[in-house]
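Observations on the three-dimensional arrangement
This is what each chain is made of:
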Amino acid sequence: MSGFNRSDNSRLTRRVVAAFLILLSLIIILADKQRQASIKSGHLSLDDPSAKVLGFISTPARGFGNLVRNAGHRANAYEENIRLRAELARLKGIENRVLDLTTRLKQYEKILAVDEEDTARGKKIAARAVFERHGPFVHSALINAGGDKSIEPGFAVMTVDGFYGHIVRVGQSSARVLLATDLNSRISVMSRRSGSRAIMVGNNTSRPTLRFIASGADWADGDQVVTSGDGGELPAGLPIGTAISTKEKTPKVELYTDGKAVDWVWVYPFKPIAPPENDELKPTDMTK
Amino acid sequence: MSIEEAANPLQAFTKALQGLLFGFILVVFSLITIDFGSVEIGLTFLPLIAIVLWPNRASVSWSLVSMFLLGLFMDIVSGGPIGLWAFSYLVINLVIGENVRLGMGFLQSYWWFFVAIVIAIGLLFVLGGLVLGHWPRWQGLGFDMFGALFVFPIFYWLKTLVSPFSSTSSSRRTIL
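Residues numbered from 1 in each chain as written. Chains lettered and ligands numbered in written order. Predicted model: local features only at pLDDT ≥ 70, side-chain atom pairs only at ≥ 80, totals over all residues. Heavy atoms only, no water.

**Things to note about the overall build of chain B**
Counting secondary structure elements, chain B contains 6 helices and 2 strands. When the elements of chain B are put in sequence order from the N terminus, they spell out α-β-β-α-α-α-α-α. Burial analysis of chain B (176 residues in total) assigns 57% to the buried set. Of the contacts formed within chain B by residues at least 6 apart in sequence, a portion of 75% connects residues at least 24 apart. Looking at chain B as shown, the accessible area adds up to about 7200 Å², and 73% of this sits on carbon and sulfur atoms. (Helix = DSSP H or I, 4+ residues; strand = E, 2+ residues; numbered from the N terminus. Buried < 20%, exposed > 50% of the residue type's maximum accessible area, 1.4 Å probe, protein only. Contact = heavy atoms within 4.5 Å. Areas by Shrake-Rupley, 256 points an atom, 1.4 Å probe, with all protein chains shown as cover.)

**Considerations on the packing of aromatic side chains**
Residues and elements named next belong to chain B. Taken as a whole and assessed by the stated rule, the structure comprises 13 aromatic pairs over all chains. Here the aromatic rings of phenylalanine 106 and tyrosine 110 are separated by 5.3 Å at their centres, their planes lie at 25°, and the arrangement is stacked. One end of the pair, phenylalanine 106, and the other, tyrosine 110, are both in helix H5 (residues 106–132), 4 residues apart, so they sit about a helical turn from each other. Residue classification places phenylalanine 106 among the partly exposed residues on the basis of a relative accessible area of 32%. According to the relative accessible area criterion, tyrosine 110 is partly exposed, its value standing at 26%. For the pair phenylalanine 146 and phenylalanine 150, a centre-to-centre distance of 6.3 Å together with 25° between the ring planes defines the contact as stacked. Highlighted residues: phenylalanine 146 and phenylalanine 150, both in helix H6 (residues 138–162), separated by 4 residues, approximately one helical turn. Across the pair, exposure class does not vary: phenylalanine 146 and phenylalanine 150 are exposed alike. (Phe/Tyr/Trp six-rings, centres within 6.5 Å; stacked < 30°, edge-to-face > 60°.)

**Regarding the pattern of salt bridges**
Residues and elements named next belong to chain A. By the definition in use, this model includes 7 salt bridges over all chains. Between glutamate 80 and arginine 83 there is a salt bridge, with its nearest N and O atoms 3.2 Å apart. With glutamate 80 and arginine 83 both in helix H3 (residues 77–112) and 3 residues apart, the pair spans about one turn of that helix. Residue classification places arginine 83 among the partly exposed positions, given a relative accessible area of 43%. (Salt bridge = Lys/Arg side-chain N within 4 Å of Asp/Glu carboxyl O.)

**Considerations on the nonpolar core**
Counting 63 residues, the largest nonpolar core has Phe45, Leu48, Ile49, Ile92 and Phe113 of chain B as the members making the most contacts within it. At the level of secondary structure, the elements contributing two or more residues to this core comprise helix H1 (6–33) of chain A together with helix H1 (9–30), helix H2 (48–52), helix H3 (60–78), helix H4 (84–96), H5 and H6 of chain B. No other element matches the 11 residues that H5 of chain B contributes to this core. In this view, isoleucine 49 of chain B contacts Phe22, Leu26, Phe113, Phe152 and Phe155 of chain B; residues no more than four positions away in its chain are not counted. (Core = buried A, V, L, I, M, F, W, Y, C linked by side-chain atoms within 4.5 Å.)

**Overview of a nonpolar patch on the surface**
Residues and elements named next belong to chain B. The grouping of Leu21, Ile25, Phe29, Ile32 and Ile34 at the surface amounts to a nonpolar patch, some 420 Å² of accessible area in total. Here the nonpolar patch gets 3 residues from one element, more than from any other, and that element is H1. Structurally, the position occupied by leucine 21 is in helix H1. Owing to a relative accessible area of 54%, leucine 21 belongs among the exposed residues under this scheme. (Patch = residues over 30% accessible without salt bridge, like charges linked within 9 Å, V, L, I, M, F, W, Y side chains within 5 Å.)

**Quick word on H3 of chain B**
Residue and element names in this part refer to chain B. Counted at 1.5 Å a residue, the expected span for H3 with its 19 residues is 27 Å, and the 27 Å between its end C-alpha atoms agrees. For H3, the tally of buried residues reaches 15 of 19 residues, placing the bulk of the element in the interior. The backbone nitrogen of tryptophan 62 has a side-chain oxygen 3.3 Å away, supplied by the residue at the start of H3, namely serine 59. One or two residues past the end of H3 sits glycine 79, with phi positive at roughly 75°. (Expected span 1.5 Å × (residues − 1). Polar contact = N/O pair within 3.5 Å; in protein donor to acceptor, adjacent residues only side chain to side chain.)

**Thoughts on unusual backbone geometry**
Residue and element names in this part refer to chain A. Phi at serine 150 is positive, roughly 60°, even though this residue is not glycine. Structurally, serine 150 is set in the loop between strand E2 (139–143) and strand E3 (156–158). Assessed through its relative accessible area of 51%, serine 150 is described here as exposed. With phi around 55°, phenylalanine 212 is a residue other than glycine that occupies positive phi space. Mapped onto the secondary structure, phenylalanine 212 falls in the loop between strand E8 (209–211) and strand E9 (224–227).

**A look at the environment of tyrosine 110 of chain B**
Each C-alpha atom of the pair tyrosine 110 of chain B and isoleucine 49 of chain B lies 9.3 Å from the other, and the pair is 61 residues apart in sequence. If we ignore the near neighbours within four places in the chain, the residues touching tyrosine 110 of chain B are Leu149, Phe150, Phe152 and Pro153 of chain B.

What follows is the structure, given as C-alpha coordinates:
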(Lines give C-alpha, C1' and ligand atoms only; values in the text may rest on other atoms or scores of the structure.)
Protein backbone atom coordinates (compact mmCIF):
# COMPACT_ATOMS: atom_id res chain seq x y z
CA MET A 1 0.00 0.00 0.00
CA SER A 2 2.82 2.38 -0.92
CA GLY A 3 4.13 2.75 2.62
CA PHE A 4 0.78 3.49 4.29
CA ASN A 5 -1.12 1.00 6.35
CA ARG A 6 -4.88 1.45 6.94
CA SER A 7 -4.41 3.10 10.35
CA ASP A 8 -1.96 5.72 9.06
CA ASN A 9 -4.21 6.43 6.13
CA SER A 10 -7.31 7.06 8.25
CA ARG A 11 -5.31 9.16 10.70
CA LEU A 12 -4.15 11.33 7.83
CA THR A 13 -7.73 11.62 6.58
CA ARG A 14 -8.85 12.82 10.02
CA ARG A 15 -6.13 15.42 10.17
CA VAL A 16 -7.01 16.69 6.72
CA VAL A 17 -10.73 16.82 7.62
CA ALA A 18 -10.01 18.66 10.89
CA ALA A 19 -7.65 21.17 9.26
CA PHE A 20 -10.08 21.74 6.37
CA LEU A 21 -13.08 22.33 8.65
CA ILE A 22 -11.19 24.69 10.95
CA LEU A 23 -9.95 26.65 7.96
CA LEU A 24 -13.46 26.70 6.50
CA SER A 25 -14.89 28.05 9.79
CA LEU A 26 -12.32 30.84 9.83
CA ILE A 27 -13.11 31.74 6.22
CA ILE A 28 -16.83 31.82 7.04
CA ILE A 29 -16.18 34.07 10.07
CA LEU A 30 -14.15 36.51 7.99
CA ALA A 31 -16.64 36.41 5.12
CA ASP A 32 -19.51 37.09 7.50
CA LYS A 33 -17.55 39.98 8.97
CA GLN A 34 -17.34 41.54 5.53
CA ARG A 35 -21.04 40.84 5.02
CA GLN A 36 -20.54 39.17 1.69
CA ALA A 37 -23.70 38.62 -0.29
CA SER A 38 -23.30 34.85 -0.51
CA ILE A 39 -23.09 34.43 3.24
CA LYS A 40 -25.96 36.84 3.82
CA SER A 41 -28.18 34.98 1.40
CA GLY A 42 -27.24 31.70 3.09
CA HIS A 43 -28.14 33.19 6.45
CA LEU A 44 -31.45 34.44 5.10
CA SER A 45 -32.41 31.19 3.47
CA LEU A 46 -31.85 29.37 6.76
CA ASP A 47 -33.73 31.94 8.86
CA ASP A 48 -37.05 30.89 7.32
CA PRO A 49 -36.90 27.17 8.20
CA SER A 50 -35.43 27.89 11.61
CA ALA A 51 -38.31 30.33 12.29
CA LYS A 52 -40.77 27.59 11.42
CA VAL A 53 -38.99 24.93 13.52
CA LEU A 54 -38.49 27.22 16.49
CA GLY A 55 -42.09 28.44 16.25
CA PHE A 56 -43.25 24.84 16.43
CA ILE A 57 -40.90 23.94 19.29
CA SER A 58 -41.61 27.07 21.30
CA THR A 59 -45.39 26.48 21.22
CA PRO A 60 -45.52 24.11 24.23
CA ALA A 61 -43.06 26.25 26.18
CA ARG A 62 -45.11 29.34 25.39
CA GLY A 63 -48.30 27.54 26.37
CA PHE A 64 -46.79 26.47 29.67
CA GLY A 65 -45.55 30.01 30.34
CA ASN A 66 -48.98 31.45 29.58
CA LEU A 67 -50.58 28.88 31.86
CA VAL A 68 -48.34 29.92 34.75
CA ARG A 69 -48.88 33.62 34.04
CA ASN A 70 -52.65 33.19 33.69
CA ALA A 71 -52.77 31.30 36.97
CA GLY A 72 -51.20 34.33 38.62
CA HIS A 73 -53.68 36.64 36.91
CA ARG A 74 -56.64 34.54 38.03
CA ALA A 75 -55.41 34.63 41.62
CA ASN A 76 -55.35 38.43 41.51
CA ALA A 77 -58.51 38.83 39.42
CA TYR A 78 -60.60 40.52 42.12
CA GLU A 79 -57.98 43.15 43.05
CA GLU A 80 -57.19 43.63 39.36
CA ASN A 81 -60.86 44.26 38.59
CA ILE A 82 -61.10 46.95 41.28
CA ARG A 83 -57.92 48.60 40.03
CA LEU A 84 -59.08 48.52 36.41
CA ARG A 85 -62.46 50.07 37.29
CA ALA A 86 -60.70 52.94 39.03
CA GLU A 87 -58.37 53.38 36.06
CA LEU A 88 -61.30 53.32 33.63
CA ALA A 89 -63.03 56.09 35.56
CA ARG A 90 -59.83 58.16 35.49
CA LEU A 91 -59.23 57.54 31.77
CA LYS A 92 -62.78 58.56 30.81
CA GLY A 93 -61.99 62.08 31.95
CA ILE A 94 -58.71 62.04 30.05
CA GLU A 95 -60.41 60.71 26.92
CA ASN A 96 -62.80 63.66 26.89
CA ARG A 97 -59.85 66.04 27.23
CA VAL A 98 -57.97 64.30 24.41
CA LEU A 99 -60.97 64.50 22.09
CA ASP A 100 -61.41 68.16 22.94
CA LEU A 101 -57.70 68.88 22.30
CA THR A 102 -57.72 66.93 19.03
CA THR A 103 -60.63 68.98 17.75
CA ARG A 104 -58.88 72.20 18.76
CA LEU A 105 -55.60 71.10 17.17
CA LYS A 106 -57.36 70.34 13.89
CA GLN A 107 -58.95 73.79 13.97
CA TYR A 108 -55.57 75.47 14.59
CA GLU A 109 -53.97 73.46 11.79
CA LYS A 110 -56.78 74.53 9.49
CA ILE A 111 -56.30 78.20 10.44
CA LEU A 112 -52.52 77.98 9.92
CA ALA A 113 -52.88 75.82 6.78
CA VAL A 114 -50.50 73.26 8.22
CA ASP A 115 -50.52 69.79 6.70
CA GLU A 116 -49.14 67.58 9.44
CA GLU A 117 -50.66 64.35 8.22
CA ASP A 118 -48.04 61.64 8.39
CA THR A 119 -48.28 59.90 5.05
CA ALA A 120 -45.05 58.01 5.57
CA ARG A 121 -46.65 55.49 7.93
CA GLY A 122 -48.47 52.54 6.50
CA LYS A 123 -50.71 49.97 8.15
CA LYS A 124 -49.31 48.03 11.09
CA ILE A 125 -48.32 44.44 10.38
CA ALA A 126 -49.01 41.91 13.11
CA ALA A 127 -46.48 39.11 13.64
CA ARG A 128 -45.55 36.60 16.27
CA ALA A 129 -42.18 36.72 18.01
CA VAL A 130 -41.07 33.13 17.51
CA PHE A 131 -38.17 33.40 19.90
CA GLU A 132 -35.95 35.93 21.58
CA ARG A 133 -32.22 35.43 21.83
CA HIS A 134 -29.99 37.08 24.43
CA GLY A 135 -26.57 35.77 23.43
CA PRO A 136 -23.08 37.01 24.29
CA PHE A 137 -23.02 39.19 21.17
CA VAL A 138 -26.51 39.58 19.84
CA HIS A 139 -29.87 40.40 21.37
CA SER A 140 -32.30 39.60 18.60
CA ALA A 141 -35.68 38.06 17.96
CA LEU A 142 -37.18 36.17 15.10
CA ILE A 143 -40.69 37.01 13.89
CA ASN A 144 -42.85 34.91 11.60
CA ALA A 145 -43.50 37.58 8.97
CA GLY A 146 -41.14 38.76 6.28
CA GLY A 147 -41.06 39.78 2.66
CA ASP A 148 -44.42 38.05 2.12
CA LYS A 149 -45.99 40.78 4.29
CA SER A 150 -43.95 43.62 2.76
CA ILE A 151 -41.67 43.95 5.77
CA GLU A 152 -38.42 45.79 5.04
CA PRO A 153 -35.19 46.35 6.98
CA GLY A 154 -35.38 49.38 9.24
CA PHE A 155 -39.06 49.09 10.14
CA ALA A 156 -39.80 49.65 13.84
CA VAL A 157 -41.21 46.76 15.85
CA MET A 158 -43.54 47.45 18.78
CA THR A 159 -45.26 45.43 21.45
CA VAL A 160 -48.36 46.50 23.34
CA ASP A 161 -45.98 47.99 25.92
CA GLY A 162 -43.65 49.95 23.67
CA PHE A 163 -40.69 49.94 21.28
CA TYR A 164 -39.09 46.50 20.92
CA GLY A 165 -36.47 46.93 18.19
CA HIS A 166 -36.10 47.31 14.48
CA ILE A 167 -35.89 44.93 11.53
CA VAL A 168 -32.36 44.13 10.39
CA ARG A 169 -32.89 41.17 8.09
CA VAL A 170 -35.87 40.01 6.08
CA GLY A 171 -36.51 36.54 4.71
CA GLN A 172 -39.48 35.32 2.72
CA SER A 173 -41.60 34.43 5.73
CA SER A 174 -39.45 35.57 8.66
CA ALA A 175 -37.53 38.59 9.81
CA ARG A 176 -34.90 39.22 12.43
CA VAL A 177 -35.40 42.04 14.91
CA LEU A 178 -32.42 43.76 16.52
CA LEU A 179 -33.64 44.49 20.04
CA ALA A 180 -33.23 47.94 21.58
CA THR A 181 -30.97 46.34 24.19
CA ASP A 182 -28.46 45.00 21.63
CA LEU A 183 -24.91 46.32 21.66
CA ASN A 184 -25.28 47.51 18.05
CA SER A 185 -28.58 49.30 18.56
CA ARG A 186 -28.56 53.12 18.21
CA ILE A 187 -31.89 54.93 18.35
CA SER A 188 -32.49 58.69 18.18
CA VAL A 189 -34.70 59.53 21.14
CA MET A 190 -36.13 62.53 22.96
CA SER A 191 -37.78 63.36 26.23
CA ARG A 192 -41.50 63.80 25.67
CA ARG A 193 -41.56 66.40 28.48
CA SER A 194 -38.70 68.67 27.43
CA GLY A 195 -38.00 67.63 23.84
CA SER A 196 -34.30 67.14 24.72
CA ARG A 197 -32.52 64.82 22.33
CA ALA A 198 -30.14 61.88 22.90
CA ILE A 199 -29.04 58.64 21.32
CA MET A 200 -30.17 55.50 23.11
CA VAL A 201 -27.29 53.04 22.95
CA GLY A 202 -27.83 49.36 23.63
CA ASN A 203 -25.36 47.65 25.96
CA ASN A 204 -26.63 44.06 26.09
CA THR A 205 -28.29 44.72 29.43
CA SER A 206 -31.97 45.36 30.03
CA ARG A 207 -31.27 49.09 30.43
CA PRO A 208 -29.75 50.91 27.45
CA THR A 209 -27.89 54.18 28.12
CA LEU A 210 -28.57 57.68 26.85
CA ARG A 211 -25.53 59.12 25.10
CA PHE A 212 -24.61 62.25 23.14
CA ILE A 213 -26.72 64.48 25.36
CA ALA A 214 -26.17 68.19 24.74
CA SER A 215 -24.75 70.16 27.70
CA GLY A 216 -27.90 72.21 28.24
CA ALA A 217 -30.33 69.35 27.67
CA ASP A 218 -33.09 68.88 30.20
CA TRP A 219 -33.37 65.23 31.18
CA ALA A 220 -35.00 64.26 34.48
CA ASP A 221 -35.79 61.05 36.29
CA GLY A 222 -39.04 59.60 35.05
CA ASP A 223 -39.06 61.39 31.68
CA GLN A 224 -40.89 59.43 29.05
CA VAL A 225 -38.44 58.46 26.31
CA VAL A 226 -39.83 58.33 22.77
CA THR A 227 -38.30 58.08 19.31
CA SER A 228 -37.36 61.53 18.01
CA GLY A 229 -37.51 60.69 14.32
CA ASP A 230 -34.16 62.45 13.80
CA GLY A 231 -32.31 60.99 10.86
CA GLY A 232 -35.60 60.00 9.29
CA GLU A 233 -35.05 56.29 9.89
CA LEU A 234 -37.84 55.74 12.42
CA PRO A 235 -41.14 57.55 12.94
CA ALA A 236 -41.23 60.06 15.79
CA GLY A 237 -43.17 59.52 18.99
CA LEU A 238 -42.94 55.76 19.48
CA PRO A 239 -42.87 55.11 23.25
CA ILE A 240 -39.68 53.41 24.44
CA GLY A 241 -39.38 53.69 28.21
CA THR A 242 -38.60 55.89 31.17
CA ALA A 243 -35.34 57.75 31.86
CA ILE A 244 -33.63 56.87 35.12
CA SER A 245 -30.50 58.40 36.61
CA THR A 246 -27.56 56.18 37.55
CA LYS A 247 -24.37 56.44 39.56
CA GLU A 248 -22.30 56.52 36.35
CA LYS A 249 -23.81 59.93 35.42
CA THR A 250 -25.10 58.66 32.08
CA PRO A 251 -28.85 58.22 32.38
CA LYS A 252 -30.37 54.91 31.42
CA VAL A 253 -33.69 53.88 30.00
CA GLU A 254 -36.04 51.47 31.71
CA LEU A 255 -37.75 49.91 28.73
CA TYR A 256 -41.50 49.44 28.76
CA THR A 257 -40.94 45.97 27.31
CA ASP A 258 -38.44 44.98 30.02
CA GLY A 259 -39.40 41.80 31.86
CA LYS A 260 -42.57 41.34 29.82
CA ALA A 261 -43.27 38.19 27.86
CA VAL A 262 -43.27 39.11 24.18
CA ASP A 263 -45.67 37.17 22.03
CA TRP A 264 -47.35 39.33 19.41
CA VAL A 265 -45.60 42.31 17.90
CA TRP A 266 -46.53 45.01 15.40
CA VAL A 267 -44.23 46.06 12.63
CA TYR A 268 -44.57 49.73 11.68
CA PRO A 269 -43.96 50.33 7.98
CA PHE A 270 -42.18 53.64 7.57
CA LYS A 271 -40.67 55.18 4.50
CA PRO A 272 -37.35 56.77 5.52
CA ILE A 273 -36.99 60.41 4.54
CA ALA A 274 -34.42 60.45 1.75
CA PRO A 275 -31.96 63.35 1.46
CA PRO A 276 -32.66 65.68 -1.50
CA GLU A 277 -29.62 64.45 -3.41
CA ASN A 278 -31.10 60.94 -3.37
CA ASP A 279 -34.64 62.12 -3.96
CA GLU A 280 -34.67 63.53 -7.46
CA LEU A 281 -37.62 65.51 -8.75
CA LYS A 282 -39.74 63.68 -11.26
CA PRO A 283 -40.27 65.43 -14.60
CA THR A 284 -43.96 65.89 -13.81
CA ASP A 285 -43.10 67.68 -10.56
CA MET A 286 -40.67 69.97 -12.39
CA THR A 287 -43.25 70.96 -14.96
CA LYS A 288 -45.59 71.89 -12.12
CA MET B 1 -2.49 5.64 19.50
CA SER B 2 -5.38 3.24 19.07
CA ILE B 3 -8.24 3.84 16.71
CA GLU B 4 -11.49 3.51 18.64
CA GLU B 5 -14.05 3.75 15.89
CA ALA B 6 -16.61 0.99 15.56
CA ALA B 7 -15.42 -1.71 13.19
CA ASN B 8 -18.58 -1.37 11.11
CA PRO B 9 -18.34 1.97 9.21
CA LEU B 10 -22.11 2.31 9.11
CA GLN B 11 -22.30 1.89 12.88
CA ALA B 12 -19.51 4.47 13.36
CA PHE B 13 -21.37 6.89 11.09
CA THR B 14 -24.66 6.31 12.93
CA LYS B 15 -23.00 7.08 16.26
CA ALA B 16 -21.72 10.38 14.87
CA LEU B 17 -25.27 11.17 13.78
CA GLN B 18 -26.50 10.34 17.29
CA GLY B 19 -24.12 12.94 18.66
CA LEU B 20 -25.31 15.44 16.06
CA LEU B 21 -28.96 14.82 16.88
CA PHE B 22 -28.30 15.23 20.62
CA GLY B 23 -26.43 18.44 19.79
CA PHE B 24 -29.32 19.80 17.72
CA ILE B 25 -31.70 19.19 20.62
CA LEU B 26 -29.33 20.99 22.99
CA VAL B 27 -28.99 23.94 20.59
CA VAL B 28 -32.77 24.38 20.67
CA PHE B 29 -32.73 24.29 24.48
CA SER B 30 -29.79 26.71 24.50
CA LEU B 31 -32.04 29.41 23.04
CA ILE B 32 -33.95 29.58 26.30
CA THR B 33 -33.18 32.60 28.44
CA ILE B 34 -34.32 32.58 32.04
CA ASP B 35 -35.24 36.07 33.17
CA PHE B 36 -34.81 36.84 36.88
CA GLY B 37 -35.65 40.54 36.60
CA SER B 38 -32.30 42.32 36.47
CA VAL B 39 -30.38 39.09 35.79
CA GLU B 40 -30.81 37.00 32.67
CA ILE B 41 -29.33 33.53 32.60
CA GLY B 42 -28.92 31.98 29.18
CA LEU B 43 -27.99 28.43 28.28
CA THR B 44 -25.53 29.41 25.54
CA PHE B 45 -23.01 26.73 26.52
CA LEU B 46 -25.50 23.87 26.63
CA PRO B 47 -24.49 22.32 23.26
CA LEU B 48 -21.01 21.77 24.70
CA ILE B 49 -22.57 18.88 26.62
CA ALA B 50 -22.93 17.11 23.28
CA ILE B 51 -19.22 17.68 22.57
CA VAL B 52 -18.19 16.39 25.99
CA LEU B 53 -20.55 13.42 25.90
CA TRP B 54 -20.03 12.54 22.23
CA PRO B 55 -20.83 8.84 21.60
CA ASN B 56 -17.93 6.47 21.90
CA ARG B 57 -16.74 4.64 18.81
CA ALA B 58 -18.28 7.25 16.51
CA SER B 59 -16.58 7.87 13.19
CA VAL B 60 -13.99 10.55 13.90
CA SER B 61 -14.18 12.22 10.51
CA TRP B 62 -17.99 12.29 10.55
CA SER B 63 -17.90 13.52 14.15
CA LEU B 64 -15.80 16.49 13.07
CA VAL B 65 -18.22 17.24 10.23
CA SER B 66 -21.16 16.85 12.65
CA MET B 67 -19.61 19.28 15.14
CA PHE B 68 -19.00 21.76 12.36
CA LEU B 69 -22.65 21.49 11.26
CA LEU B 70 -23.78 21.76 14.87
CA GLY B 71 -21.79 24.98 15.28
CA LEU B 72 -23.21 26.42 12.06
CA PHE B 73 -26.73 25.57 13.21
CA MET B 74 -26.03 27.32 16.53
CA ASP B 75 -24.67 30.37 14.69
CA ILE B 76 -27.69 30.58 12.44
CA VAL B 77 -30.45 30.14 14.99
CA SER B 78 -28.75 32.45 17.50
CA GLY B 79 -28.32 35.17 14.87
CA GLY B 80 -24.69 35.70 15.81
CA PRO B 81 -21.64 35.89 13.56
CA ILE B 82 -21.62 32.78 11.35
CA GLY B 83 -18.73 30.41 11.88
CA LEU B 84 -18.00 31.47 15.45
CA TRP B 85 -19.51 28.45 17.18
CA ALA B 86 -18.50 26.08 14.36
CA PHE B 87 -14.88 27.06 14.91
CA SER B 88 -15.23 26.95 18.70
CA TYR B 89 -16.76 23.46 18.76
CA LEU B 90 -14.04 22.07 16.51
CA VAL B 91 -11.25 23.59 18.60
CA ILE B 92 -12.83 22.45 21.87
CA ASN B 93 -13.20 18.95 20.48
CA LEU B 94 -9.57 18.89 19.41
CA VAL B 95 -8.37 20.19 22.79
CA ILE B 96 -10.43 18.04 25.13
CA GLY B 97 -11.53 15.21 22.84
CA GLU B 98 -8.91 12.72 23.92
CA ASN B 99 -9.80 13.15 27.57
CA VAL B 100 -13.55 12.63 27.45
CA ARG B 101 -15.78 9.67 26.84
CA LEU B 102 -19.39 8.87 27.58
CA GLY B 103 -18.59 6.05 29.97
CA MET B 104 -16.63 8.24 32.41
CA GLY B 105 -17.97 9.29 35.80
CA PHE B 106 -20.13 12.28 36.51
CA LEU B 107 -17.46 14.35 38.27
CA GLN B 108 -14.96 13.81 35.47
CA SER B 109 -17.56 14.77 32.87
CA TYR B 110 -18.49 17.82 34.93
CA TRP B 111 -14.84 18.87 35.11
CA TRP B 112 -14.32 18.52 31.36
CA PHE B 113 -17.56 20.36 30.69
CA PHE B 114 -16.25 23.21 32.84
CA VAL B 115 -12.95 23.17 30.89
CA ALA B 116 -14.89 23.23 27.61
CA ILE B 117 -16.84 26.30 28.77
CA VAL B 118 -13.65 28.08 29.80
CA ILE B 119 -12.12 27.41 26.37
CA ALA B 120 -15.35 28.57 24.68
CA ILE B 121 -15.33 31.82 26.66
CA GLY B 122 -11.70 32.41 25.71
CA LEU B 123 -12.49 31.82 22.03
CA LEU B 124 -15.58 34.04 22.21
CA PHE B 125 -13.50 36.89 23.60
CA VAL B 126 -10.75 36.54 21.00
CA LEU B 127 -12.92 35.84 17.95
CA GLY B 128 -15.74 38.15 19.07
CA GLY B 129 -13.30 40.99 19.47
CA LEU B 130 -11.95 40.36 15.99
CA VAL B 131 -15.29 39.84 14.28
CA LEU B 132 -17.55 42.39 15.94
CA GLY B 133 -14.89 44.80 17.11
CA HIS B 134 -15.96 44.67 20.74
CA TRP B 135 -15.71 42.19 23.57
CA PRO B 136 -18.71 40.26 24.84
CA ARG B 137 -19.99 41.17 28.29
CA TRP B 138 -18.17 38.94 30.74
CA GLN B 139 -21.00 39.19 33.27
CA GLY B 140 -23.44 37.72 30.75
CA LEU B 141 -21.04 34.90 29.90
CA GLY B 142 -20.52 34.28 33.62
CA PHE B 143 -24.27 33.93 34.16
CA ASP B 144 -24.51 31.67 31.12
CA MET B 145 -21.69 29.50 32.50
CA PHE B 146 -23.50 29.28 35.81
CA GLY B 147 -26.73 28.32 34.02
CA ALA B 148 -25.04 25.63 31.92
CA LEU B 149 -23.24 24.14 34.94
CA PHE B 150 -26.51 24.14 36.84
CA VAL B 151 -28.45 22.16 34.22
CA PHE B 152 -25.57 19.86 33.21
CA PRO B 153 -26.51 17.07 35.70
CA ILE B 154 -30.00 16.85 34.21
CA PHE B 155 -28.73 16.40 30.66
CA TYR B 156 -25.95 14.07 31.80
CA TRP B 157 -28.53 11.88 33.47
CA LEU B 158 -30.79 12.00 30.39
CA LYS B 159 -27.90 11.17 28.08
CA THR B 160 -26.80 8.20 30.12
CA LEU B 161 -30.44 7.12 30.39
CA VAL B 162 -31.05 7.10 26.64
CA SER B 163 -27.66 5.67 25.70
CA PRO B 164 -27.73 2.15 27.14
CA PHE B 165 -26.73 0.84 23.75
CA SER B 166 -23.69 3.09 23.49
CA SER B 167 -20.37 1.57 24.21
CA THR B 168 -19.51 1.52 27.88
CA SER B 169 -15.96 0.55 27.27
CA SER B 170 -13.41 2.75 28.96
CA SER B 171 -11.64 3.37 25.68
CA ARG B 172 -10.78 6.99 25.01
CA ARG B 173 -11.98 8.94 22.01
CA THR B 174 -9.14 9.35 19.59
CA ILE B 175 -9.19 12.52 17.61
CA LEU B 176 -6.16 12.64 15.40
